[in-house]
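# Descriptive structure summary
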Amino acid sequence: MAFTLYSLLQAALLCVNAIAVLHEERFLKNIGWGTDQGIGGFGEEPGIKSQLMNLIRSVRTVMRGKKKN
Amino acid sequence: MHPAGLAAAGTPRQRKWPSKRRIPVSQPGMADPHQLFDDTSSAQSRAYGTPQGPSGLGYPTASASPQAAFLSDPVSNMAMAYGSSLAAQGKELVDKNIDRFIPVTKLKYYFAVDTLYVGKKLGLLFFPYLHQDWEVQYQQDMPVAPRFDVNAPDLYIPAMAFITYILVAGLALGTQDRFSPDLLGLQASSALAWLTLEVLAILFSLYLVTVNTDLTTIDLVAFLGYKYVGMIGGVLMGLLFGKIGYYLVLGWCCISIFVFMIRTLRLKILAEAAAEGVPVRGARNQLRMYLTMAVAAAQPLLMYWLTFHLVR
């Protein structure tokens, strides 16, 4: 079967990398998933799309590391 | 592996000391009060040496003199004291910080089971159709230990079932002459990987649907581990009665696990009103219902996927 924990780790790493390389201006804004476009009101249900956008933004912020001057 | 075996260059005596396998033979016995290991001073090794016969008589005296020479050296005395104090410090550090990485006290709750609970829970896993009340009883804001409530999740059955599944998989492969020891490790790793993937997928979808539940990760691991019981039953029946027995028992266990998961997760994921059986029409509750059904439907699929290659 060869579906091991290591392949899971590889897949997770590739997924995180994929999220980290999504460019904010060139790509996410064009499909309407930019960070300034999503956060609507403070309604009760954030909805799946805004949760996903939050997740992408959080992953990218964490992966960015220290800001260069 | 075992340092005793390595240090002794494979003399058969080493394998007759099962309790002392962790101790390298070349290390002298530690008389330190904080000792982590058993005392294997030369007196004991000599006592073991004499019953072994002439082939073993040379060994304890040979090991005693380098040990004695080792002990008398003052530098090694200091080294031994330093090493044992390091070990004691390490042990204290681990004891203090273990709670940060593995929630030991929380885990103890999941292993507070007794035989009656295990029996009832296994019966529930194979036949959940007559059980009426699926709520976990609470006591002062804390869920009751599994010993007192058959609905509470536990980790004992999933852990035992997982290990039994690995062993039964080895047995099944052995009866078909396909066995080799690394296949056991591969099976274990594969099943663990699927379990991890399931847990991550469910946690991710719970995050997306913004469900406010008290379903912790360990609870989820417990619920997802219950399918190993059905898998074991299916593979054993497949070994005894061939493919027909395997499909029959697996089909029965799949349907049982499906009903069990739906009835258990409905209380945890869906809102209170829906849990009482009233189908609430809201987009949110519908989404949650779909999520519950998807989780429950994934169980039979995984049960089949992880066992079909074992029964031929």
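Residues numbered from 1 in each chain as written. Chains lettered and ligands numbered in written order. Predicted model: local features only at pLDDT ≥ 70, side-chain atom pairs only at ≥ 80, totals over all residues. Heavy atoms only, no water.

### Brief notes about the nonpolar core
Residues and elements named next belong to chain B. Quick reminder of the rule: Throughout this description, the term nonpolar core refers to a set of buried Ala, Val, Leu, Ile, Met, Phe, Trp, Tyr and Cys residues connected via side-chain atoms within 4.5 Å. The classification of residues rests on relative accessible area computed with a 1.4 Å probe and restricted to protein chains. Under 20% of the type maximum is buried, over 50% is exposed, and intermediate values are partly exposed. A helix here means a DSSP run of H or I that spans at least four residues, while a strand means a run of E at least two residues long, and both kinds are numbered starting from the N terminus. Contact definition: two residues touch when any of their heavy atoms are within 4.5 Å.
If you look at the biggest cluster of nonpolar residues, it comprises 50 residues, and the most contacted ones within it are Tyr-165, Tyr-226, Tyr-228 and Met-261. Residue assignment for this core shows that the elements contributing at least two residues are helix H6 (115–126), helix H7 (156–175), helix H8 (181–208), helix H9 (217–225), helix H10 (227–269) and helix H12 (283–307). A total of 15 residues in this core trace back to one element, the largest contributor, which is H10. Residues contacting Met-261, with those up to four places away along its chain left out, are Phe-223, Leu-224, Arg-266, Val-295, Ala-296 and Gln-299. Membership of the second largest hydrophobic core comes to nine residues, among which are Tyr-109, Val-136, Ala-152 and Ile-218.

### Digging into the state of the cysteines
What is meant by a disulfide is a covalent connection between two cysteines, made through their sulfur atoms. Residue and element names in this part refer to chain B. Heads up, the rule is: In this description, a disulfide is simply a cysteine sulfur pair whose atoms lie within 2.5 Å.
One pass over the structure, following the stated rule, counts zero disulfides over all chains. With no disulfide partner, Cys-253 has as its closest neighbouring cysteine sulfur the one in Cys-254, 7.2 Å distant. Since its relative accessible area comes to 2%, Cys-253 is described here as buried. Taking the relative accessible area as the measure of exposure, Cys-254 reaches 11% and is therefore buried.

### Things to note about the interface of chain B and chain A
Heads up, the condition is: Polar contacts here mean pairs of N or O atoms no more than 3.5 Å apart (in protein, one a potential hydrogen donor and the other a potential acceptor; neighbouring residues in sequence count only if both atoms are side-chain atoms). Polar here means any residue outside two lists: the nonpolar Ala, Val, Leu, Ile, Met, Phe, Trp, Tyr, Cys and Pro, and the charged Asp, Glu, Lys and Arg; Gly therefore counts as polar.
At the interface, 17 residues of chain B touch 14 residues of chain A. At the junction of chain B and chain A, the tally comes to two residue pairs in polar contact (both at pLDDT 80 or more). Of all the elements in the fold, those that place two or more residues in the side of chain B that touches chain A are H8 and H12 of chain B. No other element matches H8 of chain B, which puts 11 residues into the side of chain B that touches chain A. Of the residues in the side of chain B that touches chain A, the class split is 11 nonpolar, five polar and one charged.

### Some thoughts on the UniProt feature "transmembrane region" (unreviewed entry) in chain B
Residue and element names in this part refer to chain B. How we decide: UniProt positions are given in the numbering used here, feature names are shortened, and annotations may be inferred rather than shown by experiment.
As annotated by UniProt and renumbered to match this structure, "transmembrane region" (unreviewed entry) occupies residues 155–174, 186–208, 220–240, 246–266 and 287–306. Taken end to end, residues 186–208 has its terminal C-alpha atoms 33 Å apart, with 100% of it in helix and 0% in strand. Helix makes up 100% of residues 287–306 and strand 0%, whereas the separation of the span's terminal C-alpha atoms amounts to 28 Å.

### A look at the environment of Leu-125 of chain B
Residue and element names in this part refer to chain B. Mapped onto the elements, Leu-125 comes out in helix H6. Through-space distance from the C-alpha of Leu-125 to that of Val-229 is 7.9 Å; in sequence the pair is 104 residues apart. Those residues in contact with Leu-125 that sit more than four places away from it in its chain are Tyr-226, Val-229, Ser-256, Ile-257 and Phe-260.

### Points about a nonpolar patch on the surface
Filter applied, for reference: Within the patch definition used here, like charges are joined within 9 Å and nonpolar side chains (Val, Leu, Ile, Met, Phe, Trp, Tyr) within 5 Å, considering only residues with over 30% relative accessible area and no salt bridge. We get accessible surface area from the Shrake-Rupley algorithm with a probe of 1.4 Å; when it comes to residues, only the shown protein chains can shield them. One speaks of a salt bridge when a side-chain nitrogen belonging to Lys or Arg is within 4 Å of a carboxyl oxygen belonging to Asp or Glu.
On the surface, Leu-122, Phe-126, Phe-127, Leu-130 and Trp-252 of chain B cluster together into a nonpolar patch covering about 470 Å² of accessible area. Secondary-structure assignment places Leu-130 of chain B in the loop between H6 and strand E1 (138–139).

### What to know about the layout of surface pockets
Going by this rule: Note on definitions: the grid is 1 Å and covers protein atoms alone; a cavity is a set of points where a 1.4 Å probe fits but cannot get out; a pocket is an open set with protein on both sides within 12 Å along at least five of seven lines; lining residues have an atom within 4 Å of a point. Grid points are joined across faces, edges and corners, and a volume is the space filled by probe spheres set on the points.
Taken as a whole, the largest pocket holds about 480 Å³ of empty space. Looking at the largest pocket, it is lined by 14 residues, and the ones nearest its centre are Ala-12, Cys-15 and Ile-19 of chain A together with Leu-200 and Phe-204 of chain B. For the lining of the largest pocket, the leading source of residues is helix H1 (residues 5–20) of chain A, giving six residues. Class assignment for the residues of the lining of the largest pocket results in 14 nonpolar, no polar and no charged. By volume, the second largest pocket is sized at about 360 Å³. Lining the second largest pocket are 14 residues, and of these Tyr-109, Tyr-110, Pro-143, Thr-216 and Asp-219 of chain B lie nearest its centre. Mapped onto the lining of the second largest pocket, the elements with two or more residues apiece are helix H5 (104–110), strand E2 (142–143) and H9 of chain B. Each residue belonging to the lining of the second largest pocket can be placed in one class, and the counts come to eight nonpolar, two polar and four charged.

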